Amino acid sequence: MKLKICRFVTLAAFSAMVMAAQPLHAAKIHVVATLTDLADLTRQVGGDHVDVFSLATGIEDTHGVPMKPSFVPVLNRADLVVLVGFDCEHAFLPALLEASKNPRNQLGKSGYVDCSRGVVPMEVPKSTDHSEGDVHPYGNPHYMLDPVLAKTAVQNIYNALVATAPEYEADFTRNRDAYLAKLDAKIAEWQQLAAPLKGVKFVSYHEHWPYFASWLGMDYVGTIELKPGVDPTPRHITDLIAEMKAEHVPIVVREPQFPEKVPALIAKETGATLVKLPIMPGGVPNTGTYIEEMDYIVHSLVNALKK
Amino acid sequence: MKLKTILGLSSALCLCATSAPAQSETNEVEQLKQQLRQMQENFEKTQNEQRRQIEALTKKLDELTSQRQAAVATAPPVAVTTNQFNALNEKVDQIADAQKKTLPSEFNPSIGLVGETIFSYRSKSSDATGGDRPGGFDVFQRSLELNVAASVDPFAKGYAVINASADSATGEATMGVEEAALQTTSLPGNLELKAGRFFGEFGRLAYIHDHELPFVNRPLALDEYIGGESQSDGAQLNWLPPIPHYVSATVGVGDNFGGDSPNPDHPGNFRAFDGLNFWGRLSTYFDLTPNWQLEAGVSGLWNPKEQNRGGFDAFTGSGGNPVTERERRLAGVDFKFSYVPLQNNQFRSFTWGTELLFSDNRYLADPDGSLAGSSPVYSGDEFNRRIGSLGGYTYMSYKWSRQWSAGFLFDYAQSPENFSAETLEYSPFVTFALSHWNQLRLQYTHTSPNAASGLKADDAIYLQWAWIIGAHSHGWQQR
């Protein structure tokens, strides 16, 4: 009996030693991305070494992802949380992170991967007074709609993955370089395709497009929202229609999470073409990846201009 | 001749006298023109120089970009290009950080102010309704809440809610600390400890501030059994079990529970351990579909020996006997069934929330009232009584645009001291949110107490105007 106990204890101790000797990240790195574009970029860089969960499915508003308690256990186990930054996720992420009780991923900790690091923000408000609506104090957070800036996000994700699992650095580097090469080729293709869009004026429902407009040289005239997060008033709609007519604005962009009624009315009144554009992968069908999403956006705008 | 000569000379003299300034003006104009030409030339020269510099920098930037693209396309990456890229990244980071620099100080600590005014008309006087506000027309500054929060250190955050409201009797503003607590942020084992004054976690809406309720007034059952908000001076521990399914477990202890419980908190000379209040809550959540959610929870509150708090607070119970609360027992079950569409939840949603409470308090009946005086005396006629009572509320709320929502609240409570005394209320309400920080709510409430309660039926209309300035967080509890 004693011998059996000794054998069992020895076997258990040996098993424990073997388990302890395993590399830190023999299992996959658990990553939670707030939005689908970041989830896609993380999969591209992390490859088989990552298990990525996206809080958004793609059809949500970037500021309105529901705060589901089912996200909490996922965040609790996550090694990394990849986010847009610039306060983009302020309506849901801080509370979720607090509820998740995961010290690794709190603001400022190593697991908190802010992809805006290195991005020069546009539209940094001079004041955060609410008379300007629900402004983002660090600047407009929708830089992922500029694929050149998305490369900065790729680099930030790469840095975080290497810091988490340095043993896979070679794989991450290979994946990153391959993806950046693919993205660069697509950027060149999109820029060529979108040449007719240069100087073209457009309006959108929410202020999603300043980085995109800057990238392609488009003229972003204004938004249907009165201020960020504030619905338009009848006077604002009237003024916007007058401005669009005066400036011959040919395109109205509606993001899928906003109601169609007012954008359709404005398009009808001004003779502009109404285009529904996703703000992240999955926002409309057949846009599962970041490249597919940007493909869809550029082609849709070019086609809208032909109408 | 002489005259002609004189005239001629004088004329010449005059001409000379008038043409001299004209000559000097002409020279000055010429000089100015020359200066202008010189400045234009200099300006063009500078402009050309700057253009050349811009072109050179642009060319250099293009070269660097193309070098980098080439480096990405052809493996292995060139070290020099990577270094240049990193240096460029660092510069950009510095610019970005510089732009962020002033902002964190603006929110450290984050400070917000919430104001809430209630305009109302009640058909009966406060004698008939038992309310703490007069009947007829009334304007009530229910609260002015100052919210302050910040990290204390890497291990904890602190927050305080200071509330000023108009005293119901005098109308004077009274200020009080609603909450002031420290909350850990990095305890091991998925634990979180809160200590100080805070709203203890019991049920669904007891720990929600008035202005965050989905309707104007706190449900009757919460007022009757908890005593308004679930305020406590104590400590609370929350645990998130390390399992894939969401479960939250909370236990707490404090020397009081509820803002104005039926038996006011008499600290007395000495409080034994069983004189404290103990509470707990277990809640979970299910994604029924991507758009439909269900949250459910059970809660319990126990104060084993209320008399240990000292003093006696006798009131007349059923049968006309003066009774004193000795032991407080409260259990609750709640659920929230909600439709939160992923795509447009800011514009459309539906919530059905319900909470049922069962009070099972122990009382000491005192037929001769000897315990009610200033020097309580046990006269021997006292006996224990157990009174069970039920209460609860259910509400539905539908949002059909970013600004508009409407709902219906049904509310019922038996008195915890006398279960025969029942009150029933129903309240349709409509909410107009001008923005996220500015909201109006109109509510009609019909209150129907039964005869045993000694109160009279009442109709009321409320208009609530709530606003927020400064920092405003989207908290987990308010989700």
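Residues numbered from 1 in each chain as written. Chains lettered and ligands numbered in written order. Predicted model: local features only at pLDDT ≥ 70, side-chain atom pairs only at ≥ 80, totals over all residues.

**Topic: the overall build of chain B**
Part 1 of the reasoning: Across its full length, chain B holds five helices and 17 strands.
Part 2 of the reasoning: Taken over 479 residues, chain B has a buried fraction of 27%. (Helix = DSSP H or I, 4+ residues; strand = E, 2+ residues; numbered from the N terminus. Buried ≥ 20, exposed ≤ 12 C-beta atoms within 10 Å, placed from the backbone.)

**Re the overall build of chain A**
Part 1 of the reasoning: Summing up its helical and strand segments, chain A has ten helices and eight strands in all.
Part 2 of the reasoning: Summarising its shape, the C-alpha atoms of chain A cover approximately 95 × 40 × 35 Å along the three principal directions.
Part 3 of the reasoning: If you take every contact in chain A between residues at least 6 apart in sequence, the share linking residues at least 24 apart comes to 62%. (Contact = placed C-beta atoms within 7 Å.)

**What to know about the interface of chain A and chain B**
Part 1 of the reasoning: Facing the 43 residues of chain A at the interface are 47 residues of chain B.
Part 2 of the reasoning: Where the side of chain A that touches chain B is concerned, the elements lending two or more residues are helix 3 (71–77), helix 4 (93–100) and helix 6 (169–193) of chain A.
Part 3 of the reasoning: When grouped by side-chain class, the residues that make up the side of chain A that touches chain B number 23 nonpolar, ten polar and ten charged. (Nonpolar A, V, L, I, M, F, W, Y, C, P; charged D, E, K, R; others polar.)

**A closer look at the packing of helix 5 (residues 147–164) of chain A against helix 6 of chain A**
Residues and elements named next belong to chain A.
Part 1 of the reasoning: Between helix 5 and helix 6, the least distance of the axes is 10 Å, while the angle of their chain directions is 175°. Overall, the two elements helix 5 and helix 6 adopt an arrangement that is roughly antiparallel. Judged by residue contacts, Pro147, Val148, Lys151, Val154, Tyr158, Leu161 and Val162 of helix 5 engage Glu169, Phe172, Arg176, Tyr179, Leu180, Leu183 and Ile187 from helix 6.
Part 2 of the reasoning: Here the contact of helix 5 with helix 6 is built from residues that sort into eleven nonpolar, no polar and three charged. (Axes fitted to C-alpha atoms, helices over the stretch in contact; angles between N-to-C directions. Parallel < 35°, antiparallel > 145°, perpendicular 65-115°, else oblique.)

**Focus on the nonpolar core**
Residue and element names in this part refer to chain A.
Part 1 of the reasoning: Among the nonpolar cores identified, the biggest contains 91 residues, and Val31, Leu38, Val82, Leu96, Val154, Ile157 and Ile251 are the most heavily contacted of them.
Part 2 of the reasoning: When residues in this core are grouped by element, the largest group, eight residues, is from helix 5.
Part 3 of the reasoning: Those residues within four positions of Val31 in sequence are excluded, and the remaining contacts are Thr42, Gly46, Val50, Asp51, Val52, Ala78, Asp79, Leu80 and Val82. (Core = buried A, V, L, I, M, F, W, Y, C linked by C-beta atoms within 7 Å.)

**Quick notes on the confidence of the model for chain A**
Part 1 of the reasoning: When the pLDDT values of chain A are averaged, the result is 91; 92% of them are 70 or greater.
Part 2 of the reasoning: Below pLDDT 50 for its whole length, residues 13–25 of chain A participates in three contacts with residues either more than four positions away or in separate chains. (pLDDT = per-residue confidence, 0-100.)

**Quick notes on the domain arrangement of chain A**
Bring the parts together and some accessible area is lost; that lost area is often taken as the interface size.
Residues and elements named next belong to chain A.
Part 1 of the reasoning: Domains assigned within chain A are domain 1 (29–190) and domain 2 (195–306).
Part 2 of the reasoning: Between domain 1 and domain 2, the C-alpha centre-to-centre distance is 24 Å.
Part 3 of the reasoning: In this complex, domain 1 contributes 30 residues to the contact, which on the side of domain 2 involves 25 residues.
Part 4 of the reasoning: Of all elements in the fold, only helix 2 (36–46), helix 5 and helix 6 reach the threshold of two or more residues within the side of domain 1 that touches domain 2.
Part 5 of the reasoning: Residue composition of the side of domain 1 that touches domain 2, by class: 14 nonpolar, seven polar and nine charged. (Domains from an automatic or database assignment.)

**Focus: unusual backbone geometry**
Part 1 of the reasoning: A positive phi angle is found at Asn286(A), which is not glycine, with a value near 65°.
Part 2 of the reasoning: Take Asn286(A): it is sitting in the loop between strand 8 (273–276) and helix 10 (290–306).
Part 3 of the reasoning: With phi around 60°, Asn190(B) is a residue other than glycine that occupies positive phi space.
Part 4 of the reasoning: Topologically, Asn190(B) is positioned in the loop between strand 4 (173–184) and strand 5 (191–199).

**Describing the environment of Phe155(B)**
All names here are of chain B.
Part 1 of the reasoning: In this fold, Phe155 is placed in the loop between strand 2 (136–153) and strand 3 (156–166).
Part 2 of the reasoning: Expressed as a C-alpha distance, the spacing of Phe155 and Ser453, which sit 298 residues apart in the sequence, is 50 Å.
Part 3 of the reasoning: Setting aside anything within four residues of it in sequence, one finds Phe155 in contact with Thr184, Thr185 and Ser186.

**A closer look at the sheet that holds strand 3 (residues 80–83) of chain A**
Residues and elements named next belong to chain A.
Part 1 of the reasoning: Read from one edge to the other, the open sheet built from four strands follows the order 2-1-3-4, with strand pairing classed as parallel. Two strands close off the open sheet at either side, each with one partner strand: strand 2 (50–54) and strand 4 (112–114). Across the sheet, the axes of successive neighbouring strands diverge by a mean angle of 25°, strand direction being ignored.
Part 2 of the reasoning: One ladder, built from five bridges, connects strand 1 (residues 29–33) with strand 2; its direction is parallel. Opposite His30, over in strand 2, you have Asp51 as the bridge partner. (Pairing = 2+ DSSP bridges.)

**A word on the confidence of the model for chain B**
Low-pLDDT portions of the prediction should not be read for the details of their coordinates.
All names here are of chain B.
Part 1 of the reasoning: When pLDDT is averaged along chain B, the result is 81, and 74% of the positions lie at 70 or above.
Part 2 of the reasoning: Scored below 50 in pLDDT, residues 5–22 makes zero contacts in the model with residues more than four places away or belonging to other chains.
Part 3 of the reasoning: Low pLDDT (under 50) marks residues 75–79, which in the prediction has six contacts with non-local residues, meaning those over four places away or in another chain.
Part 4 of the reasoning: Interface confidence for the predicted complex, given as ipTM, is 0.85, next to a pTM of 0.80.

**As for the environment of Gly234(B)**
Residues and elements named next belong to chain B.
Part 1 of the reasoning: Structurally, Gly234 can be placed in strand 6 (residues 231–239).
Part 2 of the reasoning: A residue is classified by how many C-beta atoms lie within 10 Å of it, and Gly234, with 22 of them, is buried.
Part 3 of the reasoning: Separated by 35 residues in the primary sequence, Gly234 and Phe199 place their C-alpha atoms 9.8 Å from one another.
Part 4 of the reasoning: In this view, Gly234 contacts Gly252, Val253, Gly254 and Asp255; residues no more than four positions away in its chain are not counted.

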